[in-house]
Amino acid sequence: MSPITSLSRRHFLASIGASALTVPSLTDALGQPLSSQTGQDKKLGIALVGLGSYSKNQLAPALQQTQHCRLAGIVTGTPAKATEWTQKYNIPAKNVYDYKTFDRIIDNPDIDVVYVVLPNSMHAEYVIRAAQAGKHVICEKPMAITEKECQAMIDAARKANKQLAVGYRLHYEPFTQEVMRLGQQKVFGPVKFVEASDAFRIGDPSQWRMKKSMAGGGALMDVGIYAIQGARYVTGEEPVSVTAQFSPKTEPEKFKDVEETIFWQFRFPSGAVSTSTSSYTAGVERLYASCEKGWFELAPAFGYGPLKGRTSKGPIEMPVVNHQAAHMDGVCKDLLAGKTLPNHITGEEGKRDVRLLQAIYQAAETGRTIKLA
Ligand code: NDP
(Lines give C-alpha, C1' and ligand atoms only; values in the text may rest on other atoms or scores of the structure.)
Protein backbone atom coordinates (compact mmCIF):
# COMPACT_ATOMS: atom_id res chain seq x y z
CA MET A 1 0.00 0.00 0.00
CA SER A 2 1.34 3.47 -0.87
CA PRO A 3 2.08 6.03 1.86
CA ILE A 4 -0.98 7.98 0.74
CA THR A 5 -3.35 5.02 0.77
CA SER A 6 -2.21 4.26 4.31
CA LEU A 7 -3.80 7.52 5.50
CA SER A 8 -6.71 6.46 7.65
CA ARG A 9 -10.19 7.26 6.39
CA ARG A 10 -10.87 8.84 9.77
CA HIS A 11 -8.28 11.51 9.00
CA PHE A 12 -9.57 11.91 5.47
CA LEU A 13 -13.17 12.24 6.60
CA ALA A 14 -12.16 14.45 9.48
CA SER A 15 -10.59 16.84 7.01
CA ILE A 16 -13.61 16.94 4.72
CA GLY A 17 -15.98 17.13 7.68
CA ALA A 18 -14.33 19.92 9.62
CA SER A 19 -16.52 22.76 8.42
CA ALA A 20 -19.77 20.99 9.29
CA LEU A 21 -18.56 20.38 12.80
CA THR A 22 -17.46 23.93 13.41
CA VAL A 23 -20.38 25.73 11.73
CA PRO A 24 -23.50 23.93 12.90
CA SER A 25 -26.86 25.18 11.73
CA LEU A 26 -30.33 24.55 13.08
CA THR A 27 -32.05 24.45 9.72
CA ASP A 28 -31.34 22.84 6.38
CA ALA A 29 -30.79 24.50 2.99
CA LEU A 30 -34.51 25.05 2.64
CA GLY A 31 -34.97 26.50 6.09
CA GLN A 32 -36.47 23.34 7.56
CA PRO A 33 -35.53 22.28 11.10
CA LEU A 34 -33.19 19.28 11.42
CA SER A 35 -34.65 17.15 14.16
CA SER A 36 -31.59 15.25 15.38
CA GLN A 37 -29.55 18.37 15.54
CA THR A 38 -29.96 19.28 19.15
CA GLY A 39 -27.50 19.74 21.96
CA GLN A 40 -24.21 17.96 21.35
CA ASP A 41 -25.77 15.44 18.95
CA LYS A 42 -24.84 16.65 15.48
CA LYS A 43 -25.58 13.41 13.64
CA LEU A 44 -28.58 13.10 11.34
CA GLY A 45 -30.77 10.06 11.89
CA ILE A 46 -31.04 7.78 8.84
CA ALA A 47 -33.75 5.13 8.35
CA LEU A 48 -32.89 2.36 5.88
CA VAL A 49 -35.85 1.11 3.82
CA GLY A 50 -35.39 -2.51 2.68
CA LEU A 51 -32.92 -4.62 4.64
CA GLY A 52 -31.45 -6.65 1.80
CA SER A 53 -27.87 -7.30 0.83
CA TYR A 54 -26.73 -3.68 0.33
CA SER A 55 -28.31 -2.43 3.56
CA LYS A 56 -27.04 -5.37 5.58
CA ASN A 57 -23.52 -5.78 4.21
CA GLN A 58 -22.56 -2.24 3.25
CA LEU A 59 -24.80 0.56 4.55
CA ALA A 60 -25.43 -0.54 8.14
CA PRO A 61 -21.73 -1.34 8.80
CA ALA A 62 -20.75 1.98 7.15
CA LEU A 63 -23.19 3.82 9.43
CA GLN A 64 -21.11 2.59 12.39
CA GLN A 65 -18.21 4.67 11.02
CA THR A 66 -19.97 7.86 9.92
CA GLN A 67 -19.41 11.21 11.60
CA HIS A 68 -22.45 13.13 10.38
CA CYS A 69 -25.19 10.50 10.46
CA ARG A 70 -26.23 7.40 12.32
CA LEU A 71 -28.51 4.42 11.84
CA ALA A 72 -31.65 5.57 13.64
CA GLY A 73 -34.44 3.49 12.12
CA ILE A 74 -35.42 0.66 9.79
CA VAL A 75 -38.29 -0.15 7.44
CA THR A 76 -38.69 -3.84 6.63
CA GLY A 77 -41.33 -6.32 5.53
CA THR A 78 -39.56 -9.17 7.33
CA PRO A 79 -40.26 -9.34 11.09
CA ALA A 80 -37.23 -11.58 11.76
CA LYS A 81 -34.96 -8.88 10.33
CA ALA A 82 -36.59 -6.29 12.58
CA THR A 83 -35.74 -8.42 15.62
CA GLU A 84 -32.18 -9.05 14.47
CA TRP A 85 -31.44 -5.43 13.55
CA THR A 86 -32.97 -3.83 16.67
CA GLN A 87 -30.76 -6.04 18.81
CA LYS A 88 -27.62 -5.73 16.74
CA TYR A 89 -27.80 -1.95 16.26
CA ASN A 90 -29.68 -0.95 19.39
CA ILE A 91 -32.60 0.55 17.44
CA PRO A 92 -35.63 1.44 19.61
CA ALA A 93 -38.90 -0.31 18.69
CA LYS A 94 -40.54 3.07 18.01
CA ASN A 95 -38.12 3.55 15.07
CA VAL A 96 -39.09 0.29 13.33
CA TYR A 97 -41.64 0.35 10.51
CA ASP A 98 -43.03 -2.01 7.90
CA TYR A 99 -44.25 -0.98 4.46
CA LYS A 100 -47.79 -0.34 5.74
CA THR A 101 -46.82 1.70 8.80
CA PHE A 102 -44.01 3.56 6.97
CA ASP A 103 -45.95 6.84 6.56
CA ARG A 104 -46.08 7.25 10.34
CA ILE A 105 -42.39 8.15 10.12
CA ILE A 106 -43.70 11.70 9.64
CA ASP A 107 -44.16 11.86 13.43
CA ASN A 108 -40.68 10.56 14.28
CA PRO A 109 -38.17 13.29 15.15
CA ASP A 110 -35.30 10.76 15.30
CA ILE A 111 -35.42 10.30 11.52
CA ASP A 112 -34.06 13.10 9.33
CA VAL A 113 -33.18 11.12 6.21
CA VAL A 114 -34.91 8.11 4.62
CA TYR A 115 -32.58 5.92 2.51
CA VAL A 116 -34.53 3.81 -0.03
CA VAL A 117 -32.68 0.54 -0.72
CA LEU A 118 -35.50 -1.43 -2.36
CA PRO A 119 -35.80 -3.18 -5.75
CA ASN A 120 -35.72 -0.57 -8.54
CA SER A 121 -39.45 -0.64 -9.32
CA MET A 122 -40.22 0.37 -5.71
CA HIS A 123 -37.92 3.41 -5.54
CA ALA A 124 -40.44 5.95 -6.85
CA GLU A 125 -43.23 5.04 -4.44
CA TYR A 126 -41.06 5.06 -1.33
CA VAL A 127 -39.12 8.20 -2.23
CA ILE A 128 -42.40 10.04 -2.78
CA ARG A 129 -43.87 8.72 0.49
CA ALA A 130 -40.69 9.67 2.36
CA ALA A 131 -40.78 13.21 0.96
CA GLN A 132 -44.47 13.48 1.85
CA ALA A 133 -43.49 12.45 5.38
CA GLY A 134 -41.21 15.51 5.48
CA LYS A 135 -37.87 13.69 5.27
CA HIS A 136 -34.78 14.23 3.14
CA VAL A 137 -34.28 11.20 0.91
CA ILE A 138 -31.39 9.18 -0.47
CA CYS A 139 -32.47 6.78 -3.21
CA GLU A 140 -30.39 3.91 -4.53
CA LYS A 141 -29.39 3.64 -8.18
CA PRO A 142 -30.91 3.44 -10.70
CA MET A 143 -33.12 6.22 -9.38
CA ALA A 144 -36.19 4.64 -11.00
CA ILE A 145 -37.25 2.74 -14.08
CA THR A 146 -38.63 5.65 -16.11
CA GLU A 147 -37.83 9.33 -16.51
CA LYS A 148 -41.44 10.10 -15.63
CA GLU A 149 -41.04 8.40 -12.26
CA CYS A 150 -37.83 10.37 -11.65
CA GLN A 151 -39.66 13.63 -12.34
CA ALA A 152 -42.45 12.68 -9.92
CA MET A 153 -39.81 11.95 -7.25
CA ILE A 154 -38.05 15.27 -7.84
CA ASP A 155 -41.39 17.11 -7.73
CA ALA A 156 -42.38 15.40 -4.45
CA ALA A 157 -39.11 16.40 -2.77
CA ARG A 158 -39.42 19.96 -4.05
CA LYS A 159 -43.01 20.22 -2.86
CA ALA A 160 -41.99 18.98 0.59
CA ASN A 161 -39.05 21.41 0.68
CA LYS A 162 -36.68 18.47 1.16
CA GLN A 163 -33.54 17.36 -0.67
CA LEU A 164 -33.25 14.21 -2.79
CA ALA A 165 -29.91 12.47 -3.35
CA VAL A 166 -29.08 9.35 -5.36
CA GLY A 167 -26.72 6.66 -4.00
CA TYR A 168 -23.84 7.77 -6.24
CA ARG A 169 -21.16 6.76 -3.75
CA LEU A 170 -18.29 7.04 -6.26
CA HIS A 171 -18.60 10.82 -6.37
CA TYR A 172 -17.15 10.78 -2.83
CA GLU A 173 -14.41 8.24 -3.67
CA PRO A 174 -10.90 9.70 -4.10
CA PHE A 175 -9.68 7.54 -7.05
CA THR A 176 -12.88 8.40 -8.92
CA GLN A 177 -12.53 12.07 -8.02
CA GLU A 178 -8.99 11.94 -9.41
CA VAL A 179 -10.00 10.52 -12.82
CA MET A 180 -12.79 13.11 -12.97
CA ARG A 181 -10.09 15.76 -12.49
CA LEU A 182 -7.70 14.19 -15.03
CA GLY A 183 -10.42 14.04 -17.67
CA GLN A 184 -12.39 17.21 -17.01
CA GLN A 185 -9.29 19.39 -16.55
CA LYS A 186 -7.68 17.82 -19.65
CA VAL A 187 -4.50 16.99 -17.70
CA PHE A 188 -3.47 14.64 -20.57
CA GLY A 189 -5.13 16.83 -23.20
CA PRO A 190 -8.69 16.38 -24.42
CA VAL A 191 -10.26 12.95 -23.87
CA LYS A 192 -10.64 11.28 -27.26
CA PHE A 193 -11.87 7.80 -26.40
CA VAL A 194 -13.37 6.11 -23.31
CA GLU A 195 -13.84 2.44 -22.59
CA ALA A 196 -16.19 1.99 -19.60
CA SER A 197 -17.55 -1.43 -18.74
CA ASP A 198 -19.13 -3.06 -15.71
CA ALA A 199 -20.31 -6.67 -15.64
CA PHE A 200 -20.45 -9.73 -13.39
CA ARG A 201 -21.83 -13.25 -13.45
CA ILE A 202 -25.19 -13.25 -11.66
CA GLY A 203 -26.30 -16.13 -9.42
CA ASP A 204 -29.86 -16.93 -8.34
CA PRO A 205 -32.09 -16.68 -11.45
CA SER A 206 -35.22 -16.20 -9.30
CA GLN A 207 -34.12 -12.84 -7.80
CA TRP A 208 -35.87 -9.55 -8.63
CA ARG A 209 -32.90 -8.40 -10.75
CA MET A 210 -33.95 -11.01 -13.35
CA LYS A 211 -37.54 -9.69 -13.54
CA LYS A 212 -38.07 -6.80 -15.93
CA SER A 213 -41.09 -5.53 -13.99
CA MET A 214 -38.98 -5.08 -10.83
CA ALA A 215 -35.56 -4.23 -12.23
CA GLY A 216 -36.53 -2.35 -15.40
CA GLY A 217 -34.07 -4.46 -17.40
CA GLY A 218 -30.97 -6.56 -16.87
CA ALA A 219 -27.29 -5.82 -16.40
CA LEU A 220 -27.58 -2.34 -17.89
CA MET A 221 -29.97 -1.17 -15.14
CA ASP A 222 -27.92 -2.77 -12.39
CA VAL A 223 -24.26 -2.13 -13.20
CA GLY A 224 -24.27 -0.61 -16.69
CA ILE A 225 -25.29 2.65 -15.03
CA TYR A 226 -21.77 2.87 -13.55
CA ALA A 227 -20.29 2.71 -17.05
CA ILE A 228 -22.67 5.47 -18.16
CA GLN A 229 -21.57 7.58 -15.20
CA GLY A 230 -17.91 6.81 -15.89
CA ALA A 231 -18.06 7.97 -19.50
CA ARG A 232 -19.89 11.12 -18.41
CA TYR A 233 -17.61 12.02 -15.51
CA VAL A 234 -14.28 11.55 -17.24
CA THR A 235 -15.35 13.56 -20.28
CA GLY A 236 -17.38 16.05 -18.23
CA GLU A 237 -19.79 16.07 -21.17
CA GLU A 238 -23.31 14.86 -21.93
CA PRO A 239 -23.64 12.41 -24.85
CA VAL A 240 -25.34 13.70 -27.99
CA SER A 241 -26.19 10.31 -29.51
CA VAL A 242 -26.13 6.62 -28.72
CA THR A 243 -26.03 3.34 -30.64
CA ALA A 244 -26.42 -0.05 -28.89
CA GLN A 245 -26.60 -3.78 -29.51
CA PHE A 246 -27.84 -6.78 -27.49
CA SER A 247 -25.60 -9.84 -27.68
CA PRO A 248 -27.35 -13.12 -28.52
CA LYS A 249 -28.31 -14.92 -25.27
CA THR A 250 -26.13 -17.87 -24.30
CA GLU A 251 -28.55 -18.87 -21.51
CA PRO A 252 -31.99 -17.96 -22.94
CA GLU A 253 -33.96 -19.72 -20.23
CA LYS A 254 -32.11 -17.92 -17.40
CA PHE A 255 -32.34 -14.56 -19.20
CA LYS A 256 -35.84 -14.89 -20.59
CA ASP A 257 -37.04 -11.58 -19.13
CA VAL A 258 -33.96 -9.30 -19.26
CA GLU A 259 -30.87 -8.81 -21.40
CA GLU A 260 -27.81 -10.91 -20.70
CA THR A 261 -25.19 -8.69 -22.34
CA ILE A 262 -25.47 -5.27 -23.96
CA PHE A 263 -22.98 -3.00 -25.75
CA TRP A 264 -23.42 0.71 -26.37
CA GLN A 265 -21.53 3.66 -27.79
CA PHE A 266 -21.92 7.36 -26.95
CA ARG A 267 -20.77 10.33 -29.02
CA PHE A 268 -19.96 13.53 -27.09
CA PRO A 269 -20.08 17.18 -28.24
CA SER A 270 -16.24 17.49 -28.29
CA GLY A 271 -16.02 14.55 -30.69
CA ALA A 272 -14.96 12.13 -27.93
CA VAL A 273 -16.54 8.68 -28.19
CA SER A 274 -17.12 5.95 -25.62
CA THR A 275 -17.79 2.24 -25.85
CA SER A 276 -19.28 0.16 -23.04
CA THR A 277 -20.29 -3.36 -22.15
CA SER A 278 -22.55 -4.54 -19.37
CA SER A 279 -23.34 -8.16 -18.73
CA TYR A 280 -24.74 -10.65 -16.20
CA THR A 281 -22.79 -13.52 -17.71
CA ALA A 282 -19.10 -12.65 -17.20
CA GLY A 283 -17.10 -10.01 -15.38
CA VAL A 284 -15.34 -6.78 -16.32
CA GLU A 285 -14.84 -3.59 -14.32
CA ARG A 286 -12.78 -0.98 -16.10
CA LEU A 287 -12.75 2.73 -16.91
CA TYR A 288 -10.09 3.74 -19.45
CA ALA A 289 -9.61 7.11 -21.13
CA SER A 290 -7.26 7.76 -24.01
CA CYS A 291 -6.36 11.43 -24.38
CA GLU A 292 -4.35 13.47 -26.87
CA LYS A 293 -1.19 13.33 -24.72
CA GLY A 294 -1.58 10.15 -22.63
CA TRP A 295 -4.09 7.90 -20.92
CA PHE A 296 -5.50 6.99 -17.51
CA GLU A 297 -7.53 4.12 -16.14
CA LEU A 298 -9.22 2.64 -13.09
CA ALA A 299 -9.47 -1.13 -12.78
CA PRO A 300 -11.32 -2.08 -10.69
CA ALA A 301 -13.33 1.08 -11.28
CA PHE A 302 -16.82 0.74 -9.82
CA GLY A 303 -16.96 -1.82 -6.97
CA TYR A 304 -16.63 -1.18 -3.26
CA GLY A 305 -12.86 -0.88 -3.49
CA PRO A 306 -10.09 -0.52 -3.00
CA LEU A 307 -10.09 0.91 -6.52
CA LYS A 308 -6.80 0.93 -8.42
CA GLY A 309 -5.61 3.43 -10.98
CA ARG A 310 -2.70 4.28 -13.26
CA THR A 311 -1.85 6.77 -15.96
CA SER A 312 0.63 6.90 -18.81
CA LYS A 313 2.92 8.63 -16.29
CA GLY A 314 2.58 6.15 -13.39
CA PRO A 315 0.28 4.89 -10.64
CA ILE A 316 -2.59 6.90 -9.18
CA GLU A 317 -2.19 7.03 -5.40
CA MET A 318 -5.12 8.19 -3.32
CA PRO A 319 -6.59 7.51 0.14
CA VAL A 320 -8.71 4.38 0.45
CA VAL A 321 -12.11 5.15 2.00
CA ASN A 322 -15.28 3.29 2.85
CA HIS A 323 -17.44 4.34 -0.10
CA GLN A 324 -20.75 4.16 1.70
CA ALA A 325 -19.54 6.06 4.79
CA ALA A 326 -17.96 8.76 2.61
CA HIS A 327 -21.15 9.10 0.57
CA MET A 328 -23.59 9.27 3.50
CA ASP A 329 -21.27 11.57 5.45
CA GLY A 330 -20.87 13.81 2.40
CA VAL A 331 -24.62 14.11 1.92
CA CYS A 332 -25.37 14.59 5.62
CA LYS A 333 -22.54 17.05 6.13
CA ASP A 334 -24.13 19.28 3.49
CA LEU A 335 -27.62 18.83 4.98
CA LEU A 336 -26.29 19.73 8.43
CA ALA A 337 -24.51 22.78 7.03
CA GLY A 338 -27.72 23.93 5.40
CA LYS A 339 -26.24 23.58 1.89
CA THR A 340 -27.92 22.57 -1.35
CA LEU A 341 -26.56 19.17 -2.40
CA PRO A 342 -24.12 19.16 -5.34
CA ASN A 343 -25.79 18.64 -8.75
CA HIS A 344 -23.91 15.45 -9.55
CA ILE A 345 -25.63 13.42 -6.81
CA THR A 346 -29.17 14.82 -6.92
CA GLY A 347 -32.41 13.57 -8.40
CA GLU A 348 -31.74 15.60 -11.56
CA GLU A 349 -28.54 13.60 -12.10
CA GLY A 350 -30.39 10.35 -11.43
CA LYS A 351 -32.99 11.36 -14.01
CA ARG A 352 -30.29 12.12 -16.62
CA ASP A 353 -28.94 8.58 -16.22
CA VAL A 354 -32.39 6.98 -16.39
CA ARG A 355 -33.01 8.89 -19.63
CA LEU A 356 -29.76 7.43 -21.01
CA LEU A 357 -30.67 3.91 -19.83
CA GLN A 358 -33.94 4.20 -21.74
CA ALA A 359 -32.19 5.58 -24.84
CA ILE A 360 -29.69 2.71 -24.82
CA TYR A 361 -32.52 0.16 -24.75
CA GLN A 362 -34.31 2.05 -27.52
CA ALA A 363 -31.15 2.05 -29.65
CA ALA A 364 -30.59 -1.69 -29.09
CA GLU A 365 -34.22 -2.55 -29.83
CA THR A 366 -34.50 -0.45 -32.99
CA GLY A 367 -30.95 -0.65 -34.34
CA ARG A 368 -31.12 3.12 -34.85
CA THR A 369 -28.85 5.92 -33.66
CA ILE A 370 -30.79 7.74 -30.94
CA LYS A 371 -30.17 11.48 -30.75
CA LEU A 372 -29.96 12.80 -27.19
CA ALA A 373 -29.24 16.49 -27.54
P1 NDP B 1 -31.78 -7.24 -2.17
O2 NDP B 1 -32.62 -8.12 -3.02
O3 NDP B 1 -30.64 -7.86 -1.47
O4 NDP B 1 -32.68 -6.52 -1.08
C5 NDP B 1 -33.86 -5.85 -1.40
C6 NDP B 1 -34.73 -5.76 -0.15
O7 NDP B 1 -35.90 -5.04 -0.48
C8 NDP B 1 -35.23 -7.11 0.36
O9 NDP B 1 -34.33 -7.78 1.20
C10 NDP B 1 -36.48 -6.69 1.11
O11 NDP B 1 -36.13 -6.21 2.39
C12 NDP B 1 -36.99 -5.49 0.32
N13 NDP B 1 -38.13 -5.84 -0.53
C14 NDP B 1 -39.38 -5.33 -0.38
N15 NDP B 1 -40.21 -5.84 -1.30
C16 NDP B 1 -39.49 -6.69 -2.04
C17 NDP B 1 -39.81 -7.54 -3.14
N18 NDP B 1 -41.05 -7.58 -3.66
N19 NDP B 1 -38.84 -8.30 -3.67
C20 NDP B 1 -37.58 -8.25 -3.19
N21 NDP B 1 -37.21 -7.47 -2.14
C22 NDP B 1 -38.17 -6.69 -1.57
O23 NDP B 1 -31.30 -6.05 -3.10
P24 NDP B 1 -30.01 -5.13 -2.91
O25 NDP B 1 -29.88 -4.72 -1.50
O26 NDP B 1 -28.86 -5.75 -3.55
O27 NDP B 1 -30.42 -3.86 -3.82
C28 NDP B 1 -31.35 -2.90 -3.38
C29 NDP B 1 -31.15 -1.60 -4.17
O30 NDP B 1 -29.84 -1.11 -3.93
C31 NDP B 1 -31.26 -1.75 -5.69
O32 NDP B 1 -31.88 -0.62 -6.24
C33 NDP B 1 -29.82 -1.83 -6.15
O34 NDP B 1 -29.63 -1.38 -7.48
C35 NDP B 1 -29.13 -0.94 -5.15
N36 NDP B 1 -27.72 -1.31 -4.92
C37 NDP B 1 -26.78 -0.33 -4.97
C38 NDP B 1 -25.46 -0.62 -4.76
C39 NDP B 1 -24.45 0.46 -4.80
O40 NDP B 1 -23.25 0.16 -4.81
N41 NDP B 1 -24.84 1.73 -4.80
C42 NDP B 1 -25.02 -1.99 -4.52
C43 NDP B 1 -26.10 -2.94 -4.41
C44 NDP B 1 -27.39 -2.60 -4.63
P45 NDP B 1 -37.03 -6.49 3.69
O46 NDP B 1 -37.02 -7.98 3.86
O47 NDP B 1 -36.32 -5.76 4.73
O48 NDP B 1 -38.40 -5.95 3.40
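What you are looking at is a predicted structure, and each value in this text was computed from that prediction instead of being measured.

Student: Help me out: how do you make sense of the site of the ligand in this one?
Tutor: In the vicinity of the ligand there are 26 residues, among which Thr-76, Thr-78, Lys-81, Tyr-99 and Trp-208 approach most closely. Contact distances for the ligand include 2.6 Å between an oxygen atom and a side-chain N or O atom of Lys-81. Measuring from an oxygen atom of the ligand, one finds a side-chain N or O atom of Trp-208 at 2.7 Å. For the ligand, the accessible surface in isolation is 900 Å², of which the surrounding protein chains cover 81%. Among the secondary structure elements, those contributing two or more residues to the shell around the ligand are helix H2 (53-62) and helix H8 (219-235). Counted by class, the shell around the ligand contains 11 nonpolar, nine polar and six charged residues.

Student: Just checking my understanding: could you explain the nonpolar core for this structure?
Tutor: Inside soluble globular proteins, nonpolar side chains tend to come together where they are buried. Formed by 105 residues in total, the largest nonpolar core has its most connected members in Leu-48, Trp-264 and Phe-266. At 10 residues, H8 tops the list of elements feeding residues into this core. Each of domain 1 (22-169) and domain 2 (171-320 + 346-371) gives at least three residues to this core.

Student: Would you mind showing me how to read the pattern of salt bridges here?
Tutor: Side chains that differ in sign of charge can pair as their charged atoms come close. Enumeration according to the criterion identifies 19 salt bridges in this entry. Glu-251 is the partner of Arg-201 in a salt bridge, and the nearest nitrogen-oxygen pair spans 3.3 Å. Remark: Glu-251 occurs in the loop between strand S8 (241-246) and strand S9 (261-267) and Arg-201 occurs in the loop between strand S7 (191-199) and helix H7 (212-215); sequence separation between them is 50 residues. One salt bridge connects Arg-209 with Asp-222, and the closest N-O pair in it is separated by 3.1 Å. Highlighted residues: Arg-209 in the loop between S7 and H7 and Asp-222 in helix H8, separated in sequence by 13 residues. By sharing partners, the salt bridges in this structure join Arg-232, Glu-238, Glu-349, Arg-352 and Asp-353 into a single network.

Student: Would you explain the packing of helix H6 (residues 174-184) against H8 in this entry?
Tutor: Geometry of a packed helix pair, given as the angle between the helix axes and the separation of the axes. The interhelical angle for the contact between H6 and H8, taken along N-to-C directions, is 50°, at an axis separation of 6 Å. On the basis of the axis angle, H6 is oblique to H8. Between H6, through Thr-176, Val-179, Met-180, Gly-183 and Gln-184, and H8, the contact on the second element is made entirely by Tyr-233, Val-234 and Thr-235. Class assignment of the residues belonging to the contact of H6 with H8 gives a composition of four nonpolar, four polar and no charged.

Student: Can you help me understand helix H10 (residues 347-366) in this one?
Tutor: Spacing of three or four residues puts side chains on the same side of an α-helix, whose turn is 3.6 residues. Between the first and last C-alpha of H10 there are 28 Å, a value that for 20 residues agrees with the 28 Å anticipated at 1.5 Å per step. Phi for Gly-367, located one or two positions after H10, is positive at around 75°.

Student: Any chance you could explain H6 here in plain terms?
Tutor: With eight of 11 residues buried, H6 is to be regarded as a mostly interior element. Pro-174, Phe-175, Thr-176, Glu-178, Val-179, Met-180, Leu-182 and Gly-183 are the residues of H6 that are buried. Of the residues that open H6, the one with a side-chain oxygen 3.0 Å from the backbone nitrogen of Phe-175 is Glu-173. Positive phi appears at Lys-186, one or two residues downstream of H6, with a value of about 55°.

Student: Explain the sheet that holds S8 to me, please; I cannot follow it from the model alone.
Tutor: Paired through their backbone hydrogen bonds, the strands of a sheet run either parallel or antiparallel. Pairing is mixed across the open sheet formed by nine strands, whose spatial order is S14-S13-S12-S11-S7-S10-S9-S8-S15. The two strands at the open ends of the sheet, each matched to only one other strand, are strand S14 (314-316) and strand S15 (370-371). H6 contacts S7, strand S11 (284-291), strand S12 (294-298), strand S13 (309-311) and S14 of the sheet and is inclined by roughly 160° relative to S12. Strands in contact with H10 are S8, S9 and S15; relative to S8, the strand with the most contacts, it is inclined by about 60°.

Student: Quick question: what am I supposed to make of the packing of H8 against H10 here?
Tutor: Between H8 and H10, the shortest axis-to-axis distance is 10 Å and the interhelical angle comes to 110°. Here H8 is positioned roughly perpendicular relative to H10, judged by the angle of their axes. Between H8 and H10 lies a crossing of right-handed hand. Here H8 contributes Leu-220, Met-221, Ile-225, Ile-228, Gln-229 and Arg-232 to the contact with H10, which in turn contributes Glu-349, Arg-352, Asp-353, Leu-356, Leu-357, Ile-360 and Tyr-361. Considered class by class, the residues forming the contact of H8 with H10 number eight nonpolar, one polar and four charged.

Student: Would you explain the packing of aromatic side chains in this entry?
Tutor: Two numbers describe a pair of aromatic rings. These are the distance of the centres and the angle of the planes. One pass over the structure, following the stated rule, counts 10 aromatic pairs. For the pair Phe-102 and Tyr-126, a centre-to-centre distance of 5.6 Å together with 55° between the ring planes defines the contact as tilted. In this pair, Phe-102 is assigned in the loop between strand S3 (96-97) and strand S4 (113-116) and Tyr-126 in helix H4 (residues 123-132), connecting sequence segments 24 residues apart. Each member of the pair, Phe-102 as well as Tyr-126, carries the same accessibility label: buried. With 6.4 Å between their ring centres and 35° between their planes, Phe-188 and Phe-296 make a pair best called tilted. Placement of the pair is Phe-188 in the loop between H6 and S7 and Phe-296 in strand S12, with a sequence separation of 108 residues.

Student: I'm lost on unusual backbone geometry in this one. Help?
Tutor: Comment: phi is negative for the bulk of residues other than glycine, and the bulk of peptide bonds are trans. In this structure, Pro-300 follows Ala-299 across a cis peptide bond, with omega equal to 0°. Cis rather than trans, the peptide bond between Gly-305 and Pro-306 has omega equal to 0°. Mapped onto the fold, Pro-306 is located in the loop between S12 and S13. Located in the positive-phi region is Asn-161, a residue other than glycine, with phi close to 60°. Take Asn-161: it is sitting in the loop between helix H5 (147-159) and strand S6 (164-166). Relative accessible area serves as the criterion here: at 31%, Asn-161 is assigned to the partly exposed category. Phi at Lys-186 takes a positive value of approximately 55°, unusual for a residue other than glycine.

Quick notes on the rules
- Residues numbered from 1 in each chain as written.
- Predicted model: local features only at pLDDT ≥ 70, side-chain atom pairs only at ≥ 80, totals over all residues.
- Heavy atoms only, no water.
- Near = heavy atom within 4 Å.
- Polar contact = N/O pair within 3.5 Å; in protein donor to acceptor, adjacent residues only side chain to side chain.
- Areas by Shrake-Rupley, 256 points an atom, 1.4 Å probe, with all protein chains shown as cover.
- Helix = DSSP H or I, 4+ residues; strand = E, 2+ residues; numbered from the N terminus.
- Nonpolar A, V, L, I, M, F, W, Y, C, P; charged D, E, K, R; others polar.
- Core = buried A, V, L, I, M, F, W, Y, C linked by side-chain atoms within 4.5 Å.
- Buried < 20%, exposed > 50% of the residue type's maximum accessible area, 1.4 Å probe, protein only.
- Domains from an automatic or database assignment.
- Salt bridge = Lys/Arg side-chain N within 4 Å of Asp/Glu carboxyl O.
- Axes fitted to C-alpha atoms, helices over the stretch in contact; angles between N-to-C directions.
- Parallel < 35°, antiparallel > 145°, perpendicular 65-115°, else oblique.
- Contact = heavy atoms within 4.5 Å.
- Expected span 1.5 Å × (residues − 1).
- Pairing = 2+ DSSP bridges.
- Left-handed = near helix turned anticlockwise from the far one by under 90°.
- Phe/Tyr/Trp six-rings, centres within 6.5 Å; stacked < 30°, edge-to-face > 60°.

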